[in-house]
Amino acid sequence: MSENILVTRSSMPPFDEYVNEIKCIWDSHWMTNMGEKHKELAESLKSFLEVPEIELLVNGHLALELTMQAFNLPKGGEVITTPFTFISTTHSIVRNGLVPVFCDINETDYTIDVDKIESLITDKTVAIVPVHVYGNICDVERIDEIAKKHNLKVIYDAAHAFSVKYKGKGIGSYGDASIFSFHATKVFNTIEGGCVTFSDKEIGKKLYKLKNFGIAGKEVIDYIGSNAKMNEFSAAMGICNLRHLNEEIAKRKVVKERYDELLSKIDGIKIGVGQKDVSKNYAYYPIVVDEKIYPGTRDDICEKLEERNIFPRKYFYPITNQVDCYKDVFDAGNTPTAEYVSKRVLTLPFYADLSLDKVDEICEIIGNASK
Ligand SMILES: *Cc1c(COP(=O)(O)O)cnc(C)c1O
């Protein structure tokens, strides 16, 4: 039986490189609480991502949750966001006592439809939390304009957008803050991990305390903080993975081009679009199946692939305003494009070491799935 092919496969450095990186942790016995590796990774990432300020955290979710807390968004305030995302985005809003207001996405790159934002703004709106889906970036300029006009904070969920640049600037330098995820399944990983990028140093000081129980000094607790520190072993993994990142992205590009070449010949399969002035990180390979043209559905393709031990993901399905814990609580019917795409999208196996033979096999199955 052939090996299972999953939607992604975590990047890992050579074993000896990691062992070498963690040796000094045995010398110092300092395993967490903002040690040497934490400092080193923070500095490296700040320059790699070309952002003014950075805080490392234990994961992307707490990065998002604590960033909203750091901006002191008033309880009950409304936050404009999209449901075409990982559940973390919506949870972080709700867990802050805020109310998600769902804006639809656009059909081209699946990010927030900027033409629909303003009609959702009320006197309770406090922030916009847009998502750079699959590494496609939002219309950051329009969002900035709208936010300035209405005095709203903008916090980007940039979990998919590690290393992406827009007009030569790090994507994490747009908005009031951006959060990145370094989960094992992301383009860059620290096993589990994440960061927040921002420009206001005061926000940085607050985040530093919030990730450490709100502790400000030996006998001073300033805030109702959490525990969200990145440990030294994770930071060491990040230091190693960062050395190989450009090479990994270059390999992803080769896989992406093979998919593009083969899938663009199949009618009814929509592949990703390029974006102007955006450097890509090739984070995911989503296809959208139009059952009016393609002789079958997304689910048919998924089944055919699974029969051959290939496991794509229906990512993002269901949309977050239709999951059990939210569907009866928030408006689930106002985002028809998100609903349309979600029912037809499939993210195909995609990672640096995916062989081109496998890509050929996957595309052949998709080409024949209807027959
Ligand atoms: C992965 C992800 C997160 C959460 O990050 P974790 O590091 O897994 O906590 C948030 N938003 C999006 C869009 C994600 O894909």
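The preceding data block contains the structure.
Residues numbered from 1 in each chain as written. Predicted model: local features only at pLDDT ≥ 70, side-chain atom pairs only at ≥ 80, totals over all residues. Heavy atoms only, no water.

(A) Highlighting the overall build of the protein. Within the protein one finds ten helices and 17 strands. Its C-alpha atoms give the protein a radius of gyration of 21 Å, near enough to 21 Å, the size a compact globule of 371 residues would have. With the principal axes as the frame, the protein shows a C-alpha extent of 70 × 55 × 40 Å. Counting the 371 residues in the protein, one finds 55% classified as buried. Residue pairs in contact within the protein that sit at least 24 positions apart in sequence constitute 71% of those at least 6 positions apart. Taken as two groups, the 45 positive and 55 negative side-chain charges of the protein have centres that lie 2 Å from each other. (Helix = DSSP H or I, 4+ residues; strand = E, 2+ residues; numbered from the N terminus. Rg over C-alpha atoms; globule rule 2.2 N^0.38 Å. Buried < 20%, exposed > 50% of the residue type's maximum accessible area, 1.4 Å probe, protein only. Contact = heavy atoms within 4.5 Å. Lys, Arg positive; Asp, Glu negative; His and termini not counted. Charge placed at Lys NZ, Arg CZ, Asp CG, Glu CD.)

(B) View of a negative patch on the surface. Judged by side-chain charge, Asp300, Glu303, Glu306 and Glu307 come together as a negatively charged surface patch. By the secondary structure assignment, Glu303 is in helix 8 (residues 298–307). (Patch = residues over 30% accessible without salt bridge, like charges linked within 9 Å, V, L, I, M, F, W, Y side chains within 5 Å. Areas by Shrake-Rupley, 256 points an atom, 1.4 Å probe, with all protein chains shown as cover. Salt bridge = Lys/Arg side-chain N within 4 Å of Asp/Glu carboxyl O.)

(C) Geometry of the site of the ligand. Near the ligand there are 14 residues, and of these Gly60, His61, Asp157, Ser181 and Lys186 occur at the shortest range. Asp157 places a polar side-chain atom, nitrogen or oxygen, 2.7 Å from a nitrogen atom of the ligand. Ser181 is positioned such that a nitrogen or oxygen atom in its side chain is 2.7 Å from an oxygen atom of the ligand. Protein chains shield 93% of the accessible area of the ligand, which is 380 Å² for the free molecule. Looking at the shell around the ligand residue by residue, the classes come out as three nonpolar, nine polar and two charged. (Near = heavy atom within 4 Å. Polar contact = N/O pair within 3.5 Å; in protein donor to acceptor, adjacent residues only side chain to side chain. Nonpolar A, V, L, I, M, F, W, Y, C, P; charged D, E, K, R; others polar.)

(D) Looking closely at the sheet that holds strand 7 (residues 165–166). Taken together, three strands build an open sheet; the order of strands is 8-7-14 and the sheet is antiparallel. Since the sheet does not close on itself, it has two edges, and those belong to strand 8 (169–170) and strand 14 (278–279), each with one partner. (Pairing = 2+ DSSP bridges.)

(E) Up close: the pattern of salt bridges. In this structure the tally under the stated criterion is 27 salt bridges. The salt bridge involving Lys37 is made with Glu21; its shortest N-O contact spans 3.0 Å. Within this pair, whereas Lys37 is found in helix 2 (residues 36–49), its partner Glu21 is found in helix 1 (residues 15–28), the two being separated by 16 residues in sequence. Glu21 matches Lys37 in its accessibility class, with the two residues each being buried. Here Asp144 and Lys148 are joined by a salt bridge, their closest N and O atoms 2.9 Å apart.

(F) Local environment of helix 9 (residues 336–344). Within helix 9 the residues assigned to the buried category are Thr337, Ala338, Val341, Ser342 and Arg344. Against the buried residues of helix 9 lie strand 15 (286–289), helix 8 and strand 17 (345–347).

(G) Representation of the pairing of strand 10 (residues 194–198) within the structure. Here strand 10 lies mainly inside the structure; five of its five residues are buried. Bridge analysis of strand 9 (residues 177–181) against strand 10 gives five bridges, and the strand direction is antiparallel. Within strand 10, the position partnered with Ile179 by the bridge is Val196.

(H) Region of interest: the environment of Thr82. Here Thr82 is to be found in the loop between strand 3 (78–81) and helix 4 (87–94). On the basis of relative accessible area, Thr82 is assigned to the buried category, the value being 1%. The sequence separation of Thr82 and Asn321 amounts to 239 residues, and the corresponding C-alpha distance is 8.8 Å. Thr82 has contacts with Phe102, Cys103, Asp104, Ile105, Ile112, Val129, Val131 and Thr320, leaving out every residue within four places of it along the chain.

(I) Fine view of helix 1. At Glu21, helix 1 shows its strongest bend, of approximately 30 degrees. Considered for burial, the residues of helix 1 that qualify are Glu17, Tyr18, Glu21, Ile22 and Ile25. Taken together, the buried residues of helix 1 touch helix 2 and helix 7 (232–263). Immediately beyond the C-terminal end of helix 1, within one or two residues, lies His29, with a positive phi of roughly 60 degrees. (Bend = angle between axes of the 7 residues up to and from the residue.)

(J) Looking closely at the packing of aromatic side chains. Taken as a whole and assessed by the stated rule, the structure comprises 20 aromatic pairs. Note on Phe84 and Tyr110: the rings are 6.0 Å apart at their centroids and 55 degrees apart in plane angle, and the pair reads as tilted. Residue Phe84 is located in the loop between strand 3 and helix 4, and its partner Tyr110 is located in the loop between strand 4 (99–102) and strand 5 (125–129); the two are separated by 26 residues in the primary sequence. Note on Tyr110: relative accessible area 5%, which makes it buried. Each ring, one from Phe162 and one from Phe182, has its centre 5.8 Å from the other, and the planes form 90 degrees; the classification is edge-to-face. (Phe/Tyr/Trp six-rings, centres within 6.5 Å; stacked < 30°, edge-to-face > 60°.)

(K) Representation of the pairing of strand 5 within the structure. Most of strand 5 is tucked away: five of the five residues are buried. Pairing of strand 5 with strand 6 (residues 153–157) involves two bridges; the strand directions are parallel. Bridge pairing in strand 6 links Ile128 to Val154.

(L) Seen up close, the sheet that holds strand 9. Reading across the sheet, the seven strands line up as 2-10-9-6-5-3-4 and stay open at both edges, with mixed pairing between neighbours. The outermost strands of the open sheet, each flanked by one partner alone, are strand 2 (53–57) and strand 4. The average angle at which neighbouring strand axes cross in this sheet is 25 degrees, direction not considered. Inspection of the sheet shows strand 6 paired to strand 9 by three bridges, in the parallel sense. In the sheet register, Asp157 faces strand 9, and the bridge partner there is Ile179. On the sheet, helix 2 packs against strand 2, strand 9 and strand 10 and is oriented at approximately 135 degrees with respect to strand 2. Across the sheet, helix 4 lies against strand 3, strand 4, strand 5 and strand 6, angled at about 135 degrees from strand 4, the strand it touches most. (Axes fitted to C-alpha atoms, helices over the stretch in contact; angles between N-to-C directions.)

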